[in-house]
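# Structural overview for review
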Amino acid sequence: MYSLLPLLSLIVPFSIGILHLLLYPFWFLESFFKKIEKIALLSGTSLTLITVLSMVPYILAGGESARLEVPQLSLYANSTNIAGVVGVALIFFLASIYNVKAEKGGRLKPNMYNFFLLLFLCCMLGLLLSHDLFGIYLFVELTVGVSVILVAHNPSKLSTEAAFKYLIITAVSALFVLLGVLIIFILTGSSNLFAIINDTNIQTRLIENPLFLMLAVACFIIGLGADIGLIPFHGWLPDVFPGSSIIINGFFCAEPIALILALYKLVYPFYRIYPSNAIIAMMIGAGLVSMVSGALLAYPQRNFYRMLAYCSIDEFGHAVFALGLLTSSMSFITGQFYLVNSALMKTGMILSLGSVFFNTGTGNMDLLGGLFGKMKKTALSYIICALSLTGVPPLSGFYAKWLLYNAAYKFLLDLGGILVAVLALIFLVCISMISFIFLIRSFHRIFMGQTAENMQKVNEVHLTMWLPTAVLAATSILLGLQPNILLSLIGAA
Amino acid sequence: METIVVVALTISTFATLCGVFVKTTRQIIRLLSIQAAAIGLVELMFCLINLLTGLGFEGLIDFSATFAEWFASAAVSPLIIYWGMVKTENMSDKPVVSVRRGGILLIAIIVSNIILCIFTSSFLPAKIDALPFVALMFSLSVFITATQVDPLKILVGLNMAENSLYPLFAESPLVLIPFMLGLMIFVNVVGVFIITEAYRDYGTMSIKKWRWTD
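The paragraphs below set out a description of the structure included in this document.

Bringing empty space enclosed by the protein into the picture now. Overall, the coordinates contain 6 cavities of 30 Å³ or more when judged by the stated rule. If you add up the space inside the largest cavity, you get close to 170 Å³. What lines the largest cavity is a set of 16 residues, among which B:Glu69, B:Glu162, B:Asn163, B:Phe169 and B:Met184 lie closest to the centre. Every element with two or more residues in the lining of the largest cavity is listed here: helix H6 (133–152) of chain A together with helix H2 (25–54), helix H3 (57–87), helix H6 (151–164), helix H7 (166–169) and helix H8 (177–202) of chain B. Ranked by residues supplied to the lining of the largest cavity, first place goes to H8(B) with 4 residues. In terms of residue class, the lining of the largest cavity is made up of 11 nonpolar, 2 polar and 3 charged. The volume enclosed by the second largest cavity comes to roughly 120 Å³. Considering the residues around the second largest cavity, the lining is formed by 15 residues, among which A:Trp236, A:Leu237, A:Phe252, A:Glu255 and A:Pro256 are closest to the centre. Listed by contribution, the elements that provide at least two residues to the lining of the second largest cavity are helix H10 (210–228), helix H11 (237–243), helix H12 (246–252) and helix H13 (255–273) of chain A. A per-class count over the lining of the second largest cavity returns 11 nonpolar, 1 polar and 3 charged.

Right, let's get into the packing of aromatic side chains. Taken as a whole and judged by the stated rule, the model has 24 aromatic pairs over all chains. The interplanar angle of 90° and the centroid separation of 5.3 Å between the aromatic rings of A:Phe176 and B:Phe138 together place this pair among those described as edge-to-face. Of this pair, A:Phe176 sits in helix H7 (residues 157–188) while B:Phe138 is found in helix H5 (residues 131–147), placing the two residues in two different chains. Exposure remark for A:Phe176: the relative accessible area of 22% places this residue in the partly exposed category. Under the relative-accessibility criterion, B:Phe138 is labelled buried at 8%. Ring centres 6.2 Å apart and planes at 25° place the aromatic pair B:Phe63 and B:Phe67 in the stacked group. Note that B:Phe63 and B:Phe67 are positioned in helix H3 at a spacing of 4 residues, about one turn of the helix. Here a set of aromatic residues connected by ring pairs shows up, and it is made of A:Phe92, A:Phe120, A:Phe251 and A:Phe252. Over the face of the ring belonging to A:Phe194 we find A:Arg67, whose NZ or CZ atom lies 4.4 Å from the ring centre. Taking the ring centre of A:Tyr299 as reference, the NZ or CZ of A:Arg441 above it sits at 4.5 Å.

With that settled, consider the pattern of salt bridges. The full count for this structure, using the stated rule, is 9 salt bridges over all chains. Here A:Arg445 ties to A:Asp366 by a salt bridge, and the two come within 2.7 Å at their closest N and O atoms. Here the residue A:Arg445 occupies a position in helix H18 (residues 396–447), and A:Asp366 occupies one in the loop between helix H16 (331–360) and helix H17 (376–390), the gap between them amounting to 79 residues. Classification of A:Asp366 as partly exposed rests on a relative accessible area of 42%. In the salt-bridge network here, residues are joined through shared partners; they are A:Arg107, B:Glu197, B:Arg200 and B:Asp201.

The next thing to look at is H3(B). A turn of α-helix holds 3.6 residues, and therefore any two residues three or four places apart point the same way. If you check H3(B), its first and last C-alpha atoms are 42 Å apart, about what 31 residues at 1.5 Å a residue would give, namely 45 Å. The principal kink in H3(B), of about 40°, is found at B:Ala72.

This paragraph deals with the layout of surface pockets. Counted as a void, the largest pocket has a volume near 1400 Å³. Taken together, 45 residues form the lining of the largest pocket, with A:Phe14, A:Leu119, A:Leu142, B:Phe179 and B:Leu183 sitting closest to its centre. For the lining of the largest pocket, the secondary-structure elements that each account for two or more residues are helix H1 (5–22), helix H5 (110–129) and H6 of chain A together with H3 and H8 of chain B. Among the residues making up the lining of the largest pocket, the classes are represented as 32 nonpolar, 7 polar and 6 charged. Considering only enclosed or pocket space, the second largest pocket measures out at about 760 Å³ in volume. Lining the second largest pocket are 30 residues, with A:Asn78, A:Thr80, A:Tyr264, A:Tyr268 and A:Phe332 positioned closest to its centre. For the lining of the second largest pocket, the secondary structure elements donating two or more residues are helix H8 (193–198), H13 and H16 of chain A. At 6 residues, the largest contribution of residues to the lining of the second largest pocket is made by H13(A). Looking at the lining of the second largest pocket residue by residue, the class counts come to 14 nonpolar, 12 polar and 4 charged.

Here we take up the interface of chain A and chain B. The partner chain B presents 42 residues to the 38 residues of chain A that form the contact. In total, about 3700 Å² of surface goes out of reach between chain A and chain B, with carbon and sulfur atoms giving 83% of it. When residues of chain A are sorted by the area they lose upon contact with chain B, A:Glu161, A:Phe164 and A:Ile186 head the list and together hold 18% of the total. Connecting chain A to chain B are 2 salt bridges. A salt bridge links A:Arg107 to B:Asp201, with the nearest nitrogen and oxygen atoms 2.9 Å apart. Between chain A and chain B we count 4 residue pairs in polar contact (both at pLDDT 80 or more) in total. Among the secondary structure elements, those contributing two or more residues to the side of chain A that touches chain B are H6, H7, H10 and H11 of chain A. It is H7(A) that provides the largest number of residues to the side of chain A that touches chain B, a total of 18 residues.

So, about the nonpolar core. Side chains of nonpolar character tend, in soluble globular proteins, to be buried together. Counting 248 residues, the largest nonpolar core has A:Phe116 and A:Phe270 as the members making the most contacts within it. Residue contributions to this core peak at 20 residues, all from H7(A). What A:Phe270 contacts, discounting residues up to four positions off in sequence, is A:Ile184, A:Leu193, A:Ile196, A:Leu206, A:Leu213, A:Val217, A:Phe220 and A:Ile279. Counting 7 residues, the second-largest nonpolar core is a separate cluster that includes B:Ala36, B:Leu44, B:Phe63 and B:Trp70.

Residue and element names in this part refer to chain A. Summarising the element assignment, Thr 469 is placed in helix H19 (residues 463–481). Judged by its relative accessible area of 1%, Thr 469 is buried. Once residues lying within four places of it in the same chain are set aside, the contact partners of Thr 469 are Gly 348, Leu 351, Ser 352 and Ser 381.

This part takes up helix H1 (residues 3–21) of chain B. All names here are of chain B. Relative to the 27 Å expected for 19 residues at 1.5 Å per residue, H1 spans 28 Å between its end C-alpha atoms, a close match to the ideal helical length. Every buried residue belonging to H1 is among Ala 8, Leu 9, Ser 12, Thr 13, Ala 15, Thr 16, Gly 19 and Val 20, and all of these are buried. With its buried residues spanning 165° around the axis, H1 presents them on a single face. Along H1, exposed side chains directed more than 90 degrees from the buried face belong to Thr 3, Phe 14 and Phe 21. On the buried face of H1, the contacting elements are H2, helix H4 (99–121), H5, H6 and H7.

Moving on, we come to unusual backbone geometry. All names here are of chain A. Between Ile 231 and Pro 232 the backbone carries a cis peptide bond, its omega angle lying at 15°. Take Pro 232: it is sitting in the loop between H10 and H11. Residue Pro 393 is joined to Pro 394 through a cis peptide bond whose omega torsion reads 5°. Considering the arrangement of structural elements, one finds Pro 394 in the loop between H17 and H18.

All names here are of chain A. The sheet contact formed by strand S1 (residues 67–70) and strand S2 (residues 75–78) spans 4 bridges and is antiparallel. When the sheet's bridge partners are listed, Arg 67 is paired in S2 with Asn 78. Between S1 and the antiparallel strand that follows it, S2, lie 4 residues; Ser 74 among them carries a positive phi value of about 55°.

About the criteria used
Residues numbered from 1 in each chain as written. Chains lettered and ligands numbered in written order. Predicted model: local features only at pLDDT ≥ 70, side-chain atom pairs only at ≥ 80, totals over all residues. Heavy atoms only, no water. 1 Å grid on protein atoms, 1.4 Å probe; cavity = no way out; pocket = protein on both sides within 12 Å on 5 of 7 lines; lining within 4 Å. Points joined across faces, edges and corners; volume = space filled by probe spheres on them. Helix = DSSP H or I, 4+ residues; strand = E, 2+ residues; numbered from the N terminus. Nonpolar A, V, L, I, M, F, W, Y, C, P; charged D, E, K, R; others polar. Phe/Tyr/Trp six-rings, centres within 6.5 Å; stacked < 30°, edge-to-face > 60°. Buried < 20%, exposed > 50% of the residue type's maximum accessible area, 1.4 Å probe, protein only. Lys NZ or Arg CZ within 6 Å of the ring centre and 35° of its normal. Salt bridge = Lys/Arg side-chain N within 4 Å of Asp/Glu carboxyl O. Expected span 1.5 Å × (residues − 1). Bend = angle between axes of the 7 residues up to and from the residue. Contact = heavy atoms within 4.5 Å. Buried area = accessible area lost by both parts, 1.4 Å probe. Polar contact = N/O pair within 3.5 Å; in protein donor to acceptor, adjacent residues only side chain to side chain. Core = buried A, V, L, I, M, F, W, Y, C linked by side-chain atoms within 4.5 Å. Arc of directions from axis to C-beta. Pairing = 2+ DSSP bridges.

The following block contains the structure:
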């Protein structure tokens, strides 16, 4: 169905962002703007959330075939991307509530800061809604560019080195995405993904050049893999988390939803045209290496931000692994459920730890301890989100892991028999156990035990800082008890 | 591939190769400008000839787009980086790898690209026959990015890598060119902004000294 809603969900944050930018030359309004900057950002993200939510009833009513589209711009909202779109808008809305007290200023002036945050939101929604190869490339590069600026916003020394590393790795990787896009476009003459899937002439041209098709797919996996932070292109991620301000880390939690679903959107159509096992091997391989290395590297970290960075790599690995089981019908549903759930839970954890950093000024877990009695709401939100992420029932993460194990078991049963399938399941459970151990250990180190002398005056953070984390913890319980809420958005209920 | 295109691509590849060996930031910015100018000049001339012979509106749009693309990569991007150099310093240094090791790596890159060229020449579609040049220039640019300690030189390497995709990029739809150019300039401005901020924080242009410990 033709609808302007997908376009409107990009226009709303972009135009509000432009309004902020237009205020930049009016220096005499700066003092006035400082008073309303946080409310202005909150209104921008809430309007975007409302616009995004207004698409949901149409898609729920129409089922799998429902599609809101602006074909001239190749913008489509359907059951394959609406959960991601809602997830991104929700994370931004909650993080902008947190932003009210957490943001203390930095290198960017308030109106520029708001402009870049809203542009960041617009880019991620564009990345999710666009089904044009060039559109995807433009949104990927813009997302990366904007996120680099947001990392550099933090006035601390750590941020510039992290931002530069991030810029170079992800800008080179974006060129791989461009190379892949150009190869496909030159071979087919089309950049619309639906046209590529449905047009037999285009498919014939691609099948006649399998080597170039595989080269393009490899470029997409390398390029977007580096942007996401998959191993071995993860070098920037453990520096960016401690280098960014506490609130920017919260906004960043939405980024993998857009980037990982973009990766799937770029890989799956070409797998359908040329079903090579090498494509599955590349996706599953990237996922497996990331989940194993991420979990093992997260364990020994002393800084909780670095621990969460490696934990994120582990989670990205799980999502890419699930999406990489391309022959399985459950793959996309599992991957999407896992991705959206882990992004929400990670936001809860990062914002909770941000509150700890806000109050104590350190991310070193050796210097922390005994904060449970002083920051009960934050501590409870953290542990609920952490338990959900590791798959403890009855939280939402349990359902995500359950779907993942089911999909992996069925895929491996067909591929290598029952022994391989069972061994793989044991292996996946072991990885989850490692995550469980280091996350529980981090809770113990930060919140339990004796309170250090310099932490005696620490109090619970302001309502606007604990409320978003409590909402995310509640979401985890709700989705654990009623996973159909998220599954119906994905079109699998 | 026409001879003039081969010549232009050879000049730009040579400029990229020289980028590996130069010492100062100013020199590498000049090389970036030469590489970008050479790589886009042939396409620009074709568009100019089309415009002069056809005198059509379509030809004018084509020429304007190609000129904008050529001007942005050969003049605007180098000038942005040059501005970064003015705000910081014209650093003179050597790559992090030794001459011997660097030489071996360069030979390996060139030989592997020649093998790739021979291997793919039989079935390379006509529209992407410049792919071997693209691959070589791209590899050399990534080599520059990976082996320099001056962040501005690293940024130049990134621009050279982006320019190396130009022969393929010329095939892309016209409507995308303003967005692509905007992005290219945006990334350079962001890069220079971060470098100047880091220079202010650390007081040095060597990224080796930007390391921090927790």
